[in-house]
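# Structural overview
For reference, the chains in residue letters:
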Amino acid sequence: MNYRHAYHAGNFADVLKHAVLALVIAHLKKKPAPFRVIDTHAGVGLYDLDAEPATKTGEWREGIGRIVDADLPQDAARILAPYLGVVRGLNAPGTLTRYPGSPVIARRLMRAGDRLVANELHLEDFAALKELFARESQVKVLQLDGWTALKSLLPPKERRGVVLVDPAYEAPGELDRLVQGLKDAARRFATGTILLWYPIKDVKPVAALRRQIAELAFAKALAVELMVRAPDDPKRLNGAGLLVINAPFTLPDQLDVLLPHLARLLAQGAGATFRVDELGRETGQPSVNLGKGSAKDRP
Ligand SMILES: C[S@@+](CC[C@H](N)C(=O)[O-])C[C@H]1O[C@@H](n2cnc3c(N)ncnc32)[C@H](O)[C@@H]1O
């Protein structure tokens, strides 16, 4: 396990993932019934952007660094508000030195009766996460294999909530485990939302993943993808994707407003684009494109 998220925290992929996670949680809060957030690959929770890993790559500067003070129209700003509210809440006005990982975003957005289970396998990262939440009775920190956690923690007793599956994609065959894991998770927690992050380096494995997910025929499945440049070099992280199973009904419209701005602000080269595809069986087709555009198309 070599992957350390501290090098990548706050990059463009985190922006997409964390903005959507915050929107899903904001939607869950519209009903008073408690919910649970399950984070199977949680990382350390809080990242110091002035520390060596983050300064070495500088990835956050092309991610949250471009978003936090961006001049956005009101509708897009409203959609980003749950996410940016957490980021700003950790930093003194006008500064950006701390970045929240997914468990901290979840914790900061939860209400008194909601719960978080944050799982992390890496020994040191687990220890840091455990320490971070040491005095938090609403948070349980576990050190399981994330795919095992996905099985053993579902369904949560609340029967409402969101599961974030955010692997490091270091192990060979992780994309295959992902399809099987997703299938099991959706069966065990049919009422929950599942968010699964995937990298886009080369487009071929991603197209294959979209096809495999479409074949599982979920009632509601979205593939949300943001490219920061054309995928000409398959060794680079050219884009990021999120599968959203049982997406809140409000999400496609929110993405329609938000993604043109993210594609524009986060672009790192020619060919910055976004797309949202519905991969579920309700459409009667394997894949229906709900929206697509380039950084230049709209605002
Ligand atoms: C992309 S990072 C997670 C980032 C975090 N979800 C966030 O958004 O802030 C992936 C994490 O998975 C952990 N990891 C790697 N293999 C794992 C496994 N088999 N089970 C659980 N965690 C694992 C890594 O140590 C790393 O912290």
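Scroll up to find the structure.
Reading guide: rules and limits
- Residues numbered from 1 in each chain as written.
- Predicted model: local features only at pLDDT ≥ 70, side-chain atom pairs only at ≥ 80, totals over all residues.
- Heavy atoms only, no water.
- Core = buried A, V, L, I, M, F, W, Y, C linked by side-chain atoms within 4.5 Å.
- Buried < 20%, exposed > 50% of the residue type's maximum accessible area, 1.4 Å probe, protein only.
- Helix = DSSP H or I, 4+ residues; strand = E, 2+ residues; numbered from the N terminus.
- Contact = heavy atoms within 4.5 Å.
- Near = heavy atom within 4 Å.
- Polar contact = N/O pair within 3.5 Å; in protein donor to acceptor, adjacent residues only side chain to side chain.
- Areas by Shrake-Rupley, 256 points an atom, 1.4 Å probe, with all protein chains shown as cover.
- Nonpolar A, V, L, I, M, F, W, Y, C, P; charged D, E, K, R; others polar.
- Axes fitted to C-alpha atoms, helices over the stretch in contact; angles between N-to-C directions.
- Parallel < 35°, antiparallel > 145°, perpendicular 65-115°, else oblique.
- Left-handed = near helix turned anticlockwise from the far one by under 90°.
- Phe/Tyr/Trp six-rings, centres within 6.5 Å; stacked < 30°, edge-to-face > 60°.
- Lys NZ or Arg CZ within 6 Å of the ring centre and 35° of its normal.
- Bend = angle between axes of the 7 residues up to and from the residue.

## Here we look at the nonpolar core
- Ranked by size, the top nonpolar core spans 101 residues in total, and within it Leu-16, Ile-64, Ile-67, Tyr-83, Tyr-198, Val-224 and Leu-262 carry the most contacts.
- For this core, the element with the most residues is helix 1 (residues 12-28), which contributes twelve residues.
- If we ignore the near neighbours within four places in the chain, the residues touching Leu-262 are Val-15, Leu-16, Ile-67, Leu-226 and Ala-267.

## Examining the site of the ligand
- For the ligand, the set of nearby residues contains 21 residues, the closest of which are His-18, Glu-120, Asp-145, Gly-146 and Asp-166.
- With respect to the ligand, the side chain of Lys-17 contributes an N or O atom lying 3.2 Å from an oxygen atom.
- Residue His-41 places a main-chain N or O atom 2.8 Å away from a nitrogen atom belonging to the ligand.
- In isolation the ligand has 590 Å² of accessible area, and contact with the protein removes 95% of it.
- In terms of residue class, the shell around the ligand is made up of five nonpolar, ten polar and six charged.

## Considering the packing of helix 8 (residues 174-188) against helix 9 (residues 203-215)
- Relative orientation of the contacting elements helix 8 and helix 9 amounts to 20°, with a least axis distance of 11 Å. Classified by the angle between their axes, helix 8 and helix 9 sit roughly parallel to one another. Considering the relative orientation of helix 8 and helix 9, their crossing is right-handed. Touching Leu-175, Asp-176, Leu-178, Val-179 and Leu-182 of helix 8 are Pro-205, Leu-209, Gln-212 and Ile-213, all from helix 9.

## Comments concerning unusual backbone geometry
- Of note, the amide linkage connecting Leu-154 to Pro-155 takes the cis form, showing an omega dihedral of -5°.
- Along the chain, Pro-155 falls in the loop between helix 7 (146-152) and strand 6 (161-165).
- Of note in the backbone geometry, Arg-159 takes a positive phi value of approximately 60° without being a glycine.
- Turning to its location among the elements, Arg-159 is positioned in the loop between helix 7 and strand 6.
- The phi dihedral of Asn-246 is positive, around 60°, even though this residue is not glycine.
- Within the secondary structure, Asn-246 is located in the loop between strand 9 (239-245) and helix 10 (251-266).

## Concerning the packing of aromatic side chains
- Tallying each qualifying case throughout the model produces one aromatic pair.
- Taken together, a centroid distance of 6.0 Å and an interplanar angle of 55° make the contact between Tyr-169 and Trp-197 tilted. Residue Tyr-169 is found in the loop between strand 6 and helix 8, and its partner Trp-197 is found in strand 7 (residues 193-200); the two are separated by 28 residues along the sequence.
- On the accessibility criterion, Tyr-169 (18% relative accessible area) is buried.
- Sitting over the ring of Trp-197, Lys-17 keeps its end group 5.6 Å from the ring centre.

## Remarks on helix 4 (residues 74-89)
- Of all the bends found along helix 4, the most pronounced is centred on Ala-81 and spans about 60°, while Pro-82, a proline, follows it within four residues.
- Regarding helix 4, the residues found buried are Ala-76, Ile-79, Leu-80, Pro-82, Tyr-83, Leu-84, Val-86 and Val-87.

Scope: geometric values only; no functional claims are made or implied.
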